[in-house]
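Here are the chains, one letter per residue:
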Amino acid sequence: QSIAQEVVGLLCMVLLTLTALVANTVVMVVILKTPLLRKFIFVGHLCMVDLLSAIFLMPVGIISSSSCFSRVIYSIAECQGLIFLNVCFISASILTIAVISVERYYYIVHPMRYEVKMTIRLAVAGVIIIWVKSVLITVLALVGWPQGNGATSASRCTVYWSPGAHKKAFLVIFSIACFVLPTIIIFAVYSGVYRVARMASQQHVPVPAQAVAPRHRSDSVASLVAIITTRNLPVPRLVPERFLGSNKAILTLVLIVGQFLCCWLPFFAFHLHSSVAAGTEAGGHGEMVVTWIAYSSFAINPFFYGLLNRQIREELARLRRSCFNQPLGQELCLSISEASVQENFLQFLQRATCTLETHASCISPSPRDRLDQTKVSFPIPSQVPEESS
């Protein structure tokens with residue numbers, strides 16, 4: 001039974017590693033090869049960090065977690081390097097997710113301000129700040145390490161078993177800076193974005209013809225356009241869409257935040273408990289479990305932040321067609337149908353959100369605006385239209 005568990009665990013770890021390698025590589029290639037997608041700088045950065053983690057951290061995690069490699073020995077310098085990479089990549093990945101959530105907030109709530117201030121220079125500065133913070137936090141993990149040419153087994157070269165003299169203080173700082181504060185930011189940002197989406201779903205419902213029809217009919221052109229527009233609006237179809245769209249926003253929000261918590265909460269809870277509980281020496285198996293739950297985030301992130309994006313998915317389909325010389329028609333229809341069902345939270349809000357800055361223009365649209373909105377699926381006022389190739 002123990003051999004079977006060992007084999008199953010090893011297969012799961014290898015599968016997660018391969019998934020992280022392939023998925024992050026695919027998203028990065030699509031973003032780099034498509035000029036219109038290079039605006040997804042932070043998504044590309046997140047995939048780069050997760051790809052580096054899949055290259056360096058996850059294979060080392062397999063060696064540390066499997067009894068097949070129990071005889072592997074690291075020197076103190078090698079173990080320090082592995083701990084450095086572990087903490088640095090984990091910090092960079094979580095901080096990038098927090099920055100993506102803030103970027104989404106400004107893109108939805110303040111679109112005009114976002115278009116003006118969100119430049120390449122600002123994005124590069126954000127990436128530099130992420131790495132500076134990650135390196136500073138990582139340096140604390142190496143404070144108090146023993147000097148000399150000692151050695152340690154692979155299973156002991158982990159954050160939990162690291163021989164640093166100030167390990168407990170580091171774990172507290174690491175948990176607060178890389179989990180507690182980003183979690184607060186993510187909750188606050190997505191809660192604010194959802195409130196805007198809910199307000200938009202209430203405002204974009206077309207008014208029934210009976211309520212809009214004037215008491216005294218006029219033969220003016222404006223009144224005729226209003227009557228024709230309200231009669232032609234597919235009211236029975238759009239009202240359920242409002243309900244389903246609101247539920248889709250809730251579901252996507254829960255999935256994004258829930259995935260982050262499910263991956264990282266056990267990891268940081270374990271290390272916080274080990275830092276405050278005196279005399280805890282057990283935890284080799286427990287650390288392995290929570291570490292690989294956290295590592296699964298590297299394989300899940302490219303799907304949540306990359307492949308669920310309609311533009312990235314369409315460009316991936318085009319690249320695949322160009323590689324295999326496939327016809328355009330069938331896959332393009334599939335891509336369009338998937339976009340209406342599997343849009344990510346950001347794209348749903350692009351279509352359904354009345355932003356705070358343009359709130360007044362959404363309250364009383366003119367008959368011509370209503371006529372235009374029957375042709376275009378509810379664009380955001382003052383919003384730069386979505387680029388398409």
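Residues numbered from 1 in each chain as written. Predicted model: local features only at pLDDT ≥ 70, side-chain atom pairs only at ≥ 80, totals over all residues. Heavy atoms only, no water.

Caption draft 1: Region of the structure containing the packing of aromatic side chains. Taken as a whole, this structure holds 16 aromatic pairs when the rule is applied. Relative to F89, the ring of F56 has its centre 6.4 Å away and its plane inclined at 40 degrees; by these criteria the two rings are tilted. Here F56, found in helix 2 (residues 41-65), pairs with F89, found in helix 3 (residues 76-109); they are 33 residues apart in sequence, far enough to count as distant. Note on Y160 and W161: the rings are 4.9 Å apart at their centroids and 85 degrees apart in plane angle, and the pair reads as edge-to-face. Here Y160 matches W161 in class, with each residue buried. When the ring centre of Y160 is taken as origin, the NZ or CZ atom of K167, which lies over that ring, is 5.5 Å away. (Phe/Tyr/Trp six-rings, centres within 6.5 Å; stacked < 30°, edge-to-face > 60°. Helix = DSSP H or I, 4+ residues; strand = E, 2+ residues; numbered from the N terminus. Buried < 20%, exposed > 50% of the residue type's maximum accessible area, 1.4 Å probe, protein only. Lys NZ or Arg CZ within 6 Å of the ring centre and 35° of its normal.)

Caption draft 2: Broad picture of the environment of F170. Structurally, F170 is set in helix 6 (residues 167-203). F170 sits in the buried class, given a relative accessible area of 5%. Separated by 105 residues in the primary sequence, F170 and S275 place their C-alpha atoms 8.9 Å from one another. Sequence-distant contacts of F170, that is, excluding residues within four places in its chain, are made with V87, I137, L140, A141 and V159. (Contact = heavy atoms within 4.5 Å.)

Caption draft 3: Region of interest: the confidence of the model for the chain. Taken over all residues, the pLDDT of the chain has a mean of 75, while the share at 70 or more is 69%. Within the model, the stretch residues 352-389 combines pLDDT values under 50 with 68 contacts to residues more than four positions away or in other chains. (pLDDT = per-residue confidence, 0-100.)

Caption draft 4: Representation of the UniProt feature "transmembrane region" (unreviewed entry) in the chain. When the UniProt feature table is mapped onto this chain, "transmembrane region" (unreviewed entry) is found at residues 6-31, 40-63, 83-102, 122-145, 169-193, 249-269 and 289-308. With 100% helix and 0% strand, residues 6-31 has end C-alpha atoms that lie 38 Å from one another. Secondary structure over residues 289-308 splits into 95% helix and 0% strand, and the C-alpha atoms at its two ends are 28 Å apart. (UniProt positions renumbered as here; feature names shortened; annotations may be inferred.)

Caption draft 5: Focus on a nonpolar patch on the surface. On the surface, a nonpolar cluster with roughly 490 Å² of combined accessible area is contributed by V172, I176, V180, L181, I184 and V276. Here V172 shows up in helix 6. Take V172: its relative accessible area is 31%, and that puts it in the partly exposed class. (Patch = residues over 30% accessible without salt bridge, like charges linked within 9 Å, V, L, I, M, F, W, Y side chains within 5 Å. Areas by Shrake-Rupley, 256 points an atom, 1.4 Å probe, with all protein chains shown as cover. Salt bridge = Lys/Arg side-chain N within 4 Å of Asp/Glu carboxyl O.)

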